[in-house]
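Chain by chain, the residues:
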Amino acid sequence: MKRYNVAELLQSEDFLQEVTIKGWVRTFRSNRFIALNDGSTIKNIQCVIDFENTTEDILKRITTGAALAIKGTLEESQGKGQTVEIKVTNIEILGDSNPDEYPIQPKKHSLEFLRENAHLRGRTNTFSAVMRVRSALSFAVHQYFVSNGFYNLHTPIITGSDAEGAGEMFRVSTLDQKNPPLNEDGTIDYKQDFFGKETNLTVSGQLEAETYAMALGKVYTFGPTFRAENSNTSRHLAEFWMIEPEVAFNNLDDNMDLSEDFIKEVLKYVLENCKDDLEFLAQRLIQEDKSKPAAQRSEMSLLEKLNFVIDNNFKRVSYTEAIEILRNSKPNKKKKFKYPINEWGVDLQSEHERFLVEKHFKCPVILFDYPANIKAFYMRLNEDGKTVRAMDVLFPGIGEIVGGSQREERLDVLKEKIKALGIDEKELWWYLDTRKFGTAIHSGFGLGFERLVQFTTGMGNIRDVIPFPRAPLSAEF
Ligand code: 4AD
Ligand code: MG
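Residues numbered from 1 in each chain as written. Chains lettered and ligands numbered in written order. Predicted model: local features only at pLDDT ≥ 70, side-chain atom pairs only at ≥ 80, totals over all residues. Heavy atoms only, no water.

Chemist: How do you make sense of the side chain of Arg451 when you look at a structure like this?
Modeler: Within the secondary structure layout, Arg451 lies in helix H14 (residues 449-457). Salt bridges are absent for the buried Arg451, whose nearest opposite-charge side chain, Glu400, sits at 5.0 Å. When near neighbours in sequence (up to four residues on either side) are disregarded, Arg451 contacts Arg235, His236, Ile398, Glu400, Ile401 and Ile462. (Helix = DSSP H or I, 4+ residues; strand = E, 2+ residues; numbered from the N terminus. Buried < 20%, exposed > 50% of the residue type's maximum accessible area, 1.4 Å probe, protein only. Lys, Arg positive; Asp, Glu negative; His and termini not counted. Salt bridge = Lys/Arg side-chain N within 4 Å of Asp/Glu carboxyl O. Contact = heavy atoms within 4.5 Å.)

Here it is in structure tokens:
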């Protein structure tokens, strides 16, 4: 007998067909109705027990969380809320679940509680919906790039360079931590380490991707990245997934176009393919909003927000214009910003980004041409000598979702920058080679995948959109 999944059966009209289905009990009521879920859809299938085929012992073991194999016939449902149900002819208990111990009871649990039970939270409607949407987004990302002529590039996870120059890296070493070999000056001798040099988990695949963009033309990476920044916020993880396209011969305008088109296309894909899950998540958000003060409630529903992003142009604004807007803004004048904006050159905090997006422009914003000294070394210097061809895409509720730039393709200018930042040129010899041999303008960006999942699902905390979040003091599971 073919084993169907719940999603297939709910679509089926082959009534009176004998079917087998396996899944986990969500609820069991009146000793008769089992709501069974197998993860294939947010919906459960109702299985109606026929007492003649069931023993007392079996009935006792049908508890929330138990794994069952059910045989029965598919029938048109008499009850409300479902079109089909299974009239059970046989139940096999595959795995019991002790109701006194199973943490995921059929009631509302707090997200904090579920975070502590991350190994089981996938069995709730919220987390199964989030993870199915995450999976669909991941597929849409690959589909978008592959159908637009990009090659997927696997860049290394262990690297010897700090692409962002922020020094927020996790070291990779096999040296004896208690008794490492030392240089004469007392520093650790990494020449004796596994790779014969200091290495760390990558913060970005960009530098390696650039070298392949200068060979394959259009490439993208989609892999894990690691940052040892001690940011305990709802938008930072120590381990997150980043998508980094890199395109030879693209300038900054092309790069902005690509980021906008890319985001809109992947959102369209999930709107088309994750209807049930998104509708559930939209309802969840409405419920959650009810417990918030009116000023913090969303003006748009989740689906309206997604459609709004798809249907509207992202507003493109230079850093200099943005600073003017912020300087003259009400919250700045009323000293409501934690970091007041007084002068050109300061880095923008998420309170500023969110003001621009949510209050001022009321749409996604692409800020470009940032001051050189608040951005990474590889960004192309503008003619003014003080700004670089950087771009950040800012989203409502999220702040920065994309960071990118046109890269500095001029060897002499790049070398100057590296020197000024005190980076050893020898460390980056291979990167500089791309500027020596057939250099050309090129651009790329990085999109934080979890921030995209957050935006798409409406989840407030980034730790709730990755199966097992890694954050300061948090690496259970
Ligand atoms: O702006 P970032 O640091 O840019 C880069 O790493 C470039 N090398 C990308 C490139 O041009 N190829 O990071 C890119 C994006 C951010 O906009 C944000 O969405 C996400 O990565 N991000 C994080 N997401 C979760 N947790 C963190 N700690 C993050 N740090 C950055
Ligand atoms: Mg950034």
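After that view of the structure, there is still more to cover.
Chemist: What is the right way to read empty space enclosed by the protein from this model?
Modeler: Gaps between atoms show up when a probe of the same size as a water molecule is rolled over them. Under the criterion given, the structure shown has one cavity of 30 Å³ or more. Taken as a whole, the largest cavity encloses approximately 30 Å³ of empty space. Forming the walls of the largest cavity are Thr159, Ser161, Ala163, Thr202, Ser204, Leu207 and Glu208. (1 Å grid on protein atoms, 1.4 Å probe; cavity = no way out; pocket = protein on both sides within 12 Å on 5 of 7 lines; lining within 4 Å. Points joined across faces, edges and corners; volume = space filled by probe spheres on them.)

Chemist: Before we go on, may I ask you to explain the sheet that holds strand E3 (residues 45-48) in this structure?
Modeler: Paired through their backbone hydrogen bonds, the strands of a sheet run either parallel or antiparallel. Spatially, the five strands close up into a barrel ordered E1-E2-E3-E5-E4, and their pairing is mixed. Neighbouring strand axes in the sheet, compared pairwise and without regard to direction, differ in orientation by 55 degrees on average. Strand direction decides the pairing type here: strand E2 (residues 33-37) and E3, joined by four bridges, are antiparallel. Directly across from Ala35, in E3, lies its bridge partner Gln46. (Pairing = 2+ DSSP bridges. Axes fitted to C-alpha atoms, helices over the stretch in contact; angles between N-to-C directions.)

Chemist: I tried to follow the pairing of E2 on my own but got confused; where do I start?
Modeler: Along a regular strand, successive side chains alternate from one face of the sheet to the other. Taking burial as the measure, the five residues of E2 include four buried ones, the bulk of the element. With five bridges connecting them, strand E1 (residues 18-29) and E2 associate as antiparallel partners. Paired with Arg29 across the two strands is Phe33, which belongs to E2. In this structure, the hairpin formed by E1 and E2 is closed by a connection of three residues, where Ser30 is found at a positive phi of approximately 55 degrees.

Chemist: So what exactly am I meant to see when it comes to the site of ligand 1 here?
Modeler: Every one of the 24 residues lining ligand 1 counts as a neighbour, but Glu164, Gln206, Arg227, Glu244 and Glu400 are closest to it. Within the contact set of ligand 1, a nitrogen atom lies 3.0 Å away from a side-chain nitrogen or oxygen of Ser204. Here Arg227 contributes a side-chain N or O atom positioned 2.8 Å from an oxygen atom of ligand 1. Contact with the protein chains removes 93% of the 630 Å² of surface that ligand 1 exposes when unbound. Among the secondary structure elements, those contributing two or more residues to the shell around ligand 1 are strand E11 (239-248), strand E15 (399-406) and strand E16 (442-448). It is E15 that contributes the most residues to the shell around ligand 1, five residues altogether. (Near = heavy atom within 4 Å. Polar contact = N/O pair within 3.5 Å; in protein donor to acceptor, adjacent residues only side chain to side chain. Areas by Shrake-Rupley, 256 points an atom, 1.4 Å probe, with all protein chains shown as cover.)

Chemist: Help me understand the domain arrangement of the protein in this model?
Modeler: Many descriptions give the size of an interface as the accessible area lost when the pieces come together. Parsing the protein into structural domains produces domain 1 (3-102) and domain 2 (123-168 + 203-464). The straight-line distance from the C-alpha centre of domain 1 to that of domain 2 is 44 Å. Residue-level contacts link nine residues of domain 1 with nine residues of domain 2. For the pairing of domain 1 and domain 2, the buried interface totals around 690 Å² over both sides, and the portion due to carbon and sulfur atoms is 41%. (Domains from an automatic or database assignment. Buried area = accessible area lost by both parts, 1.4 Å probe.)

Chemist: Help me out: how do you make sense of the packing of helix H7 (residues 275-290) against helix H8 (residues 302-311) in this one?
Modeler: In the contact formed by H7 and H8, the axes pass within 8 Å of each other and the chain directions differ by 115 degrees. Of the residues in H8, those touching H7 at Leu278, Glu279, Leu281, Ala282 and Leu285 are Leu302, Leu303 and Leu306. When its residues are assigned to classes, the contact of H7 with H8 shows seven nonpolar, no polar and one charged. (Nonpolar A, V, L, I, M, F, W, Y, C, P; charged D, E, K, R; others polar.)

Chemist: Got a minute to help me understand the packing of helix H12 (residues 411-420) against helix H13 (residues 429-436) in this structure?
Modeler: Angle between the axes and distance between the axes: these two values describe a pair of packed helices. For the pair H12 and H13, interaxial distance at closest approach is 9 Å and the crossing angle is 155 degrees. Judged by the angle between their axes, H12 and H13 are roughly antiparallel. On H13, the residues that touch Leu411, Leu414, Lys415 and Ile418 of H12 are Tyr431, Leu432, Arg435 and Lys436. Classifying every residue of the contact of H12 with H13 by side-chain character gives five nonpolar, no polar and three charged. (Parallel < 35°, antiparallel > 145°, perpendicular 65-115°, else oblique.)

Chemist: Would you mind going over helix H11 (residues 350-361) with me for this structure?
Modeler: Given 3.6 residues to a turn, an α-helix orients residues that are three or four positions apart in the same direction. The end-to-end C-alpha distance of H11, which contains twelve residues, comes to 15 Å, matching closely the 16 Å that a straight helix rising 1.5 Å per residue would cover. Within H11, the full set of buried residues consists of His352, Glu353, Phe355, Leu356 and Val357. Residue Lys362 follows H11 closely and has a positive phi angle near 55 degrees. (Expected span 1.5 Å × (residues − 1).)

Chemist: I tried to follow the pattern of salt bridges on my own but got confused; where do I start?
Modeler: Between side chains of opposite charge, pairing is possible as soon as their charged atoms come close. Taken as a whole and judged by the stated rule, the model has 27 salt bridges. Across the pair Arg134 and Glu450 runs a salt bridge whose closest N-O atoms are separated by 3.0 Å. Residue Arg134 is found in helix H4 (residues 125-147), and its partner Glu450 is found in helix H14; the two are separated by 316 residues along the sequence. The two residues Arg134 and Glu450 agree in class, both being buried. The salt bridge involving Arg380 is made with Glu409; its shortest N-O contact spans 2.8 Å.

Chemist: For this particular structure, what's the right way to read the nonpolar core?
Modeler: Generally speaking, nonpolar side chains in soluble globular proteins are found buried as a group. Phe262, Ile263, Met391, Val393, Phe395 and Ile401 are the most contacted members of the largest nonpolar core, which totals 61 residues. Ranked by residue count, the leading element in this core is H4, at ten residues. The contact partners of Phe262, leaving out residues within four places of it in the chain, are Val141, Tyr144, Phe145, Ile243, Phe445 and Leu447. By size, the runner-up hydrophobic cluster in this structure holds 31 residues, among which are Leu207, Phe355, Leu367 and Ile418. (Core = buried A, V, L, I, M, F, W, Y, C linked by side-chain atoms within 4.5 Å.)

Chemist: Is there a simple way to explain the sheet that holds strand E9 (residues 199-201) in this structure?
Modeler: Here we have three strands laid out as an open sheet, ordered E7-E9-E8, and antiparallel in their pairing. The open sheet has two edge strands with one neighbour each: strand E7 (158-159) and strand E8 (171-172). With two bridges joining them, E8 and E9 adopt antiparallel strand pairing. Among the inter-strand pairings, Arg171 is bridged to a residue of E9, identified as Asn200.

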